[in-house]
Amino acid sequence: MASDISNIVILTGAGISAESGLATFRGPEGLWEGHRVEDVATPEAFSRDPALVQRFYDARRANLATVEPNAAHEALARLDAGWDGELLIVTQNVDDLHERAGANRVLHMHGELNSAWCLECDTRTASPAALLEEPSCPECGEAALRPDIVWFGEMPYGMDAIEQALMDADLFVSIGTSGAVYPAAGFVQTARYRGARTLELNLDPSQGSIFFDESRMGPASELVPAWVDEVLG
């Protein structure tokens, strides 16, 4: 690894968790596990049919409990533990596979499947297994919990911290992302503008591949461990 690299920002998307058995968001015909995005991933959908939305995320939460981190998650956890410089893993994923693999420097910009948000008292707590059953908020006692997920039309979490990290980055790496969803799709341009080197590790070229200094194509479980070996030397 070049000696002038100190600060690293990594963006991960659904492609890194696909090999663990989690479905990617953008499947055939733009459906999420048989549902239209508009029916399960917007505030309007939750207002219109909360039971459908809760059932959808309860099923995803149950499925998450059946899978394990893969070699790509484990490699990033190894990088997190072994990298002395600044490191931020920004993930678009709502699963907890980075943390279960052992990574600590993780920011979930789209929320977390295992977290619940109380609309009454604005607190976030560990999510019960089934929000469809309308459990009470452990803080205020009201049955006002929704998935702590950033839906379309809502502001991603941690944008100030992400923007600062991108401004300070020497290296920006994108792993398993489509390059189709903003603001994450624009991170590479921000990092590049500030002078960072840019690397894409993806199964196929993303929509933003032209903005990367280097693109490596293949399964994340193969590409990421090999890249981490290079970084840690």
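Residues numbered from 1 in each chain as written. Predicted model: local features only at pLDDT ≥ 70, side-chain atom pairs only at ≥ 80, totals over all residues. Heavy atoms only, no water.

If you check an unreviewed UniProt entry, the protein chain appears there as NAD-dependent protein deacylase from Sphingomicrobium clamense. The UniProt entry for the protein chain carries the following text under Subcellular location (unreviewed entry): "Cytoplasm". Check the Sequence similarities (unreviewed entry) section of the UniProt entry for the protein chain; it says "Belongs to the sirtuin family. Class III subfamily." (UniProt positions renumbered as here; feature names shortened; annotations may be inferred.)

Draft legend 1. The arrangement of the UniProt feature "binding site: substrate" (unreviewed entry) in the protein chain in detail. Those places that UniProt annotates as "binding site: substrate" (unreviewed entry) correspond, in this numbering, to Tyr57 and Arg60. Among the secondary structure elements, tyrosine 57 is positioned in helix α4 (residues 50-64). By relative accessible area, which is 1% here, tyrosine 57 ends up buried. Looking at where arginine 60 falls in the secondary structure, it is placed in helix α4. For arginine 60, a relative accessible area of 13% puts it in the buried group. (Helix = DSSP H or I, 4+ residues; strand = E, 2+ residues; numbered from the N terminus. Buried < 20%, exposed > 50% of the residue type's maximum accessible area, 1.4 Å probe, protein only.)

Draft legend 2. Examining the sheet that holds strand β7 (residues 124-126) more closely. Read across the open sheet, the three strands follow the order β7-β6-β8; overall the sheet is antiparallel. Where the open sheet ends on each side, the last strands, each with one partner, are β7 and β8 (145-149). Direction aside, the axes of adjacent strands within the sheet are offset by 45 degrees on average. Note: strand β6 (residues 111-118) against β8, four bridges, orientation antiparallel. Residue pairing in the sheet places tryptophan 117 in a bridge with arginine 146 of β8. (Pairing = 2+ DSSP bridges. Axes fitted to C-alpha atoms, helices over the stretch in contact; angles between N-to-C directions.)

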